[in-house]
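What follows is the residue order along each chain.
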Amino acid sequence: GYVQANAARATVGAEYARTSSDERAPGFARVFVAGSVGAVEGTWFAARPVQDSFARIRLPGVAGVPVNANGWYVGDTDGNGSVVATNIASYYDNFISFGGGALPLDYRFDVSETVISPPARSGTRVEFAVRRQHALTAVLVLHRDGAVAPLEFREIELARDGRTLAGFT
């Protein structure tokens, strides 16, 4: 029998085997815990075992966003917006992506996937440019001759403190 569990920071398991022959040789049993400790740019982490290369993926300031490496879920970003992927292959294209639908509505991003090809036994930093934005929601109407009409398809300018922001309705 064999059982293995992959936790966020380690792999644990147990195995037992014995022969079915008449000699009744002793069985084989083992229990194991495997993991890794590493550092990227002075930030230490604990993760599942690193077989080849690894990547530290960051979405600065955004916690709880699912991240995938090569189509496999590697975890959700922590309180600092980081997660470590240990399933990175050296010298090959590795597709790193995050679930943009899990970002709060007041964040924007240009891309949610990137490709890295790291050297052997290396750590790579991947940082996605996510930015918090401040959106304005309003209903603009025109009051003329006692009638109210929506102001649609109009150019508008918002001015404050000497700065002007142009937009379109």
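The sections below set out a description of the structure shown in this document.

### Section: the layout of surface pockets
No. 1: Considered as a void within the structure, the largest pocket measures approximately 570 Å³ in volume.
No. 2: Surrounding the largest pocket, 25 residues form its lining, A8, R9, V74, V83 and V84 being those nearest its centre.
No. 3: Put simply, the parts of the chain that give the lining of the largest pocket at least two residues each are β5 (43-47), β8 (72-76) and β9 (82-88).
No. 4: Considering each element in turn, the lining of the largest pocket owes the most residues, six residues, to β9.
No. 5: Partitioned by chemical class, the residues of the lining of the largest pocket number twelve nonpolar, eight polar and five charged.
No. 6: The space that makes up the second largest pocket amounts to roughly 280 Å³.
No. 7: In terms of lining, the second largest pocket is formed by L136, L158, A159, R160, D161, R163, T164 and L165.
No. 8: Among the residues making up the lining of the second largest pocket, the classes are represented as four nonpolar, one polar and three charged.

### Here's the deal with the pairing of strand β13 (residues 123-127)
No. 1: What you see with β13 is a clean split: T124 and V126 sit on the buried side and G123, R125 and E127 on the side with no burial.
No. 2: Pairing of strand β6 (residues 53-58) with β13 involves five bridges; the strand directions are parallel. The residue of β13 that forms the bridge with R58 is E127.

### Focus on unusual backbone geometry
No. 1: One non-glycine residue, D145, adopts positive backbone phi at about 55 degrees.
No. 2: Secondary-structure assignment places D145 in the loop between β15 (141-144) and β16 (147-150).
No. 3: Accessibility expressed as a relative area gives 77% for D145, which makes it exposed.
No. 4: Phi angles above zero are rare outside glycine, and D161 is one such case at about 50 degrees.
No. 5: Looking at the secondary structure, you find D161 in the loop between β17 (155-160) and β18 (163-168).
No. 6: Judged by its relative accessible area of 70%, D161 falls in the exposed class.

### Quick look at the sheet that holds β8
No. 1: What the four strands build is an open sheet, ordered β8-β7-β10-β12; its pairing is antiparallel. Sheet topology places β8 and β12 (113-116) at the edges, where each strand pairs with a single neighbour. Neighbouring strand axes in the sheet, compared pairwise and without regard to direction, differ in orientation by 25 degrees on average.
No. 2: Direction of pairing for strand β7 (residues 66-69) relative to strand β10 (residues 94-98): antiparallel, over a ladder of three bridges. Counted as the bridge partner of A69 is I96 from β10.

The rules behind the values
- For every chain, the first residue of its written sequence is number 1, and the numbers climb from 1 along that sequence.
- Thresholds applied to this predicted model are a pLDDT of at least 70 for local features of residues and 80 or more for the giving and counting of side-chain atom pairs; totals over whole chains, interfaces and linings are not thresholded and use all residues.
- To get the side-chain values, take all heavy atoms of the structure and skip hydrogens and water.
- Grid points spaced at 1 Å and placed over the protein atoms alone form the basis of the search, with a cavity being a set where a 1.4 Å probe fits but cannot get out and a pocket an open set showing protein on both sides within 12 Å along at least five of seven lines. Lining residues have an atom within 4 Å of a point.
- Grid points are joined across faces, edges and corners, and a volume is the space filled by probe spheres set on the points.
- Secondary structure elements follow DSSP: runs of H or I no shorter than four residues count as helices, runs of E no shorter than two count as strands, and numbering proceeds from the N terminus.
- Note on residue categories: nonpolar means Ala, Val, Leu, Ile, Met, Phe, Trp, Tyr, Cys or Pro, charged means Asp, Glu, Lys or Arg, and polar means any other residue, Gly included.
- Residue exposure (1.4 Å probe, protein chains only): buried if accessible area is under 20% of the type maximum, exposed if over 50%, otherwise partly exposed.
- For two strands to be treated as a pair, DSSP must find at least two bridges joining them.
- Every axis in this analysis is a line fitted to C-alpha atoms, fitted for helices over the stretch in contact. Angles between the N-to-C directions lie between 0 and 180 degrees.

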